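Letter by letter, the chains look like this.
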Amino acid sequence: MKRTERLHALTEMLRRNGSRGCSAERLAREFEVSVRTVKRDLAALENSGAPLWSRPGPGGGYGLAIGASLPPVSLSPSQAVALMAAVSAASDAPYADLAAAGIKKILDVLDPRTRARADELAGRVWVNAPPSASRAIRSALEEAMAEQRVLRIRYTSGDGTTTTRDVEPVLFACANGQWYLVGWCRLRDAMRWFTVSRIERASVTKTACGGHSIQEVGEPPASARPVHERG
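Small disclaimer: the values here were computed from a predicted structure and weren't measured. (Residues numbered from 1 in each chain as written. Predicted model: local features only at pLDDT ≥ 70, side-chain atom pairs only at ≥ 80, totals over all residues. Heavy atoms only, no water.)

Asks: Give a description of the overall build of the chain that names residues and reports values.
Replies: Scanning the chain from N- to C-terminus turns up seven helices and seven strands. Reading the chain from its N end, one meets helices and strands in the order α-α-α-β-β-α-α-α-α-β-β-β-β-β. Once the C-alpha set of the chain is aligned to its principal axes, its extents read approximately 65 × 45 × 35 Å. The buried share among the 231 residues of the chain stands at 34%. By sequence separation, contacts in the chain at least 24 residues apart represent 55% of the contacts at least 6 residues apart. (Helix = DSSP H or I, 4+ residues; strand = E, 2+ residues; numbered from the N terminus. Buried < 20%, exposed > 50% of the residue type's maximum accessible area, 1.4 Å probe, protein only. Contact = heavy atoms within 4.5 Å.)

Asks: Tell me what's going on with the nonpolar core, and back it up with residues and numbers.
Replies: Of all hydrophobic cores here, the largest spans 19 residues; its most connected members are Leu141, Leu151, Ile153, Leu181, Phe194, Ile199 and Ala202. Secondary-structure elements contributing two or more residues to this core are helix H7 (135-147), strand S3 (149-156), strand S4 (162-175), strand S5 (178-185) and strand S7 (199-208). Among the elements that line this core, the one with the most residues is H7, at five residues. Membership of the second largest hydrophobic core comes to 16 residues, among which are Ala9, Leu10, Ala28 and Ala50. (Core = buried A, V, L, I, M, F, W, Y, C linked by side-chain atoms within 4.5 Å.)

Asks: If you had to explain the side chain of threonine 156 to someone new, which residues and values would you point to?
Replies: Among the secondary structure elements, threonine 156 is positioned in strand S3. Those residues in contact with threonine 156, other than ones at most four positions away along the chain, are Thr161, Thr162, Arg198 and Glu200.

Asks: Outline a positive patch on the surface, listing residues and values.
Replies: Taken together, Arg16, Arg20, Arg26 and Arg29 make up a surface patch of like positive charges. Secondary-structure assignment places arginine 26 in helix H2 (residues 24-31). (Patch = residues over 30% accessible without salt bridge, like charges linked within 9 Å, V, L, I, M, F, W, Y side chains within 5 Å. Areas by Shrake-Rupley, 256 points an atom, 1.4 Å probe, with all protein chains shown as cover. Salt bridge = Lys/Arg side-chain N within 4 Å of Asp/Glu carboxyl O. Lys, Arg positive; Asp, Glu negative; His and termini not counted. Charge placed at Lys NZ, Arg CZ, Asp CG, Glu CD.)

Asks: Tell me what's going on with the environment of arginine 117, and back it up with residues and numbers.
Replies: Mapped onto the elements, arginine 117 comes out in helix H6 (residues 112-122). Considered as a pair, arginine 117 and proline 77 are 40 residues apart in the sequence and their alpha carbons are 5.9 Å apart.

Asks: Which residues make up the pattern of salt bridges, and what are the values?
Replies: Close approach of charged atoms lets side chains of opposite charge pair. All told, the structure shown has 13 salt bridges when counted by the stated rule. Of the charged contacts in the structure, one is a salt bridge between arginine 138 and aspartate 97, with a shortest N-O distance of 3.7 Å. A residue pair is termed long-range when its members are at least 10 positions apart, and arginine 138 in helix H7 and aspartate 97 in helix H5 (residues 96-108) qualify at 41 residues. In this structure arginine 138 comes out as buried when scored by relative accessible area, which is 9%. Taking the shortest distance from any N to any O, the salt bridge between arginine 135 and glutamate 142 comes out at 2.9 Å. Assessed through its relative accessible area of 34%, arginine 135 is described here as partly exposed. Linked by salt bridges that have partners in common, Asp97, Arg135, Arg138 and Glu142 make up one network.

Okay, here's the thing in C-alpha cells:
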C-alpha cells in the first residue's frame, strides 16, 4: 500500500473508531508497518490539517475530533447493491480497488436494517468479473495518471512486437469491453492507445508529463462520456 493510500485508510480507521480512539500499536498491526512509521503518518495528517487528538498513557491512543466523522448516508438496499454490482462487474477498471474500498465505507455507515437487506439482495446478483492486469501494473498506471508523471511500459502490440516506451498518460478509455491507456508516446512522438491487457510491465518515473491535453486525443465516439459530468 502506497503512503498516500495508507494515510487515507488511516484516517478512515480513526473515523470508524470514533471517541474510542486507537493505539499506535494497533494501527501498526493493521497496516503492517512499524509504530514509528504510524507516528510519522499521524504527524503528517496533523500537519495537513486533520483534526487529530491524542491521549497519553494506558488506554490512550489517537482519534479524530468530534464533527470529523462521515456524515449520515442514506441509500436504499437497491442503491447499495447497484454500487456493489457496478464495481464487481468492472474489476478491471482504473481505480476499481479504491472504488471497492469506498463502497465498504458507505456500507459501514448504513443503518443495520438497510445493511442487512442490502447484504441479502447482493447475494442475488452474480457477476462474471473479467480478467484484469496485474495489481502492480494497474497501480503504476493509476499513480502515473493521478500524479501526471511519465510511465515506462513494456508493451506487446497486436502483431506481436514488444517494445519499451515512455508514455505521458492522458486518459483511460473503455471501448467494446476493453480498457485502454491513451497517452503521448515518446517513442513514436504521437498520441497512442495502449491496450492495458498487453502491458507486460509498468513503472512510474520521476519525470513530469509535458501537459498534453485530452483535446489532443481527438473526437471521442458519440457514445463516449466521462464517468462524471461536471455540474
